[in-house]
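Residue strings, one per chain:
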Amino acid sequence: MHYDPEINNHGLKADPFKACVGPRPIAWLSTVSKDGKDNLAPFSQFNNLSFNPPMVMISFQHGGSEEDAHRKETLNNIEDTGYFVYNIVPYELKDQMNLTALPRHDVDKFELAGLTKADCVKVPCKRVAESPIQFECEYVQTIHIPSKSNLGVIDMVIGKVIEVHIKDEVLTPEGRIDFLKIKPLGRLGYYDYTYVNEVFSMAVPGLTAKQMSTMGGDRTDKASK
């Protein structure tokens, strides 16, 4: 089958677009408002942009309805204060993450989900103490992408990672991230999720030993000599 996404003539019960790109890492973002109110919410339009300097991006769509569309509280907090924190979502925290997706502004999402707030080193936001990896991020810019519909408006935020936290227990003896211990959650389409439960290595043929080492590779073979 094929269809025109401008008119969505796919004939399916649900729009398949998001399900065609997955799994997507989840940005569990903690922020603080300019008046000191902590917030925590998950977003699945997220990824890293570069490593030197390390930068990430998150896309925010408007919330609410077509008649009452509004910017997300997390987005406002980031632009107002200039900071945010990315917390990785392990499988064991999936239910807590899901609770923080509730569109409620009358409660502290950390408290709602029974999570512990941890202080940051360089930014005013709190971290999710139970999360094994966190990035403290400094706001760089917002790229505004208009839409024909109020709910289709996109604000893409770029942030610079200025401090990284990794729990010792998710590092292997060789100093690598142990994804099978974390089992990071990924978003598929619809209300479907997945998590990492298998890892395999596959080096590009012809890499030198030095090139392998920059990516954490430790194998030596004919192609790497």
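In what follows, the accompanying structure is described. (Residues numbered from 1 in each chain as written. Predicted model: local features only at pLDDT ≥ 70, side-chain atom pairs only at ≥ 80, totals over all residues. Heavy atoms only, no water.)

## Side note on the packing of aromatic side chains
Then comes step 1: Counted according to the given criterion, the structure contains 4 aromatic pairs.
Then comes step 2: Ring geometry for Y86 versus F135: centroids 5.1 Å apart, planes at 55°, classification tilted. One end of the pair, Y86, is in strand β6 (residues 83-87); the other, F135, is in strand β9 (residues 133-145), with 49 residues separating them in the sequence.
Then comes step 3: For Y86, a relative accessible area of 8% corresponds to the buried category. (Phe/Tyr/Trp six-rings, centres within 6.5 Å; stacked < 30°, edge-to-face > 60°. Helix = DSSP H or I, 4+ residues; strand = E, 2+ residues; numbered from the N terminus. Buried < 20%, exposed > 50% of the residue type's maximum accessible area, 1.4 Å probe, protein only.)

## Details of the pattern of salt bridges
Then comes step 1: If you walk through the whole model with that rule in mind, you get 9 salt bridges.
Then comes step 2: K148 is paired through a salt bridge with E6; the nearest N and O atoms lie 2.7 Å apart. One end of the pair, K148, is in the loop between β9 and β10 (154-166); the other, E6, is in the segment before β1 (24-25), and 142 residues separate them in sequence.
Then comes step 3: K148 gets classed as exposed once you look at its relative accessible area, which sits at 79%.
Then comes step 4: The exposed category is assigned to E6, whose relative accessible area is 56%.
Then comes step 5: The shortest N-O distance in the salt bridge between E79 and R71 comes to 3.0 Å. (Salt bridge = Lys/Arg side-chain N within 4 Å of Asp/Glu carboxyl O.)

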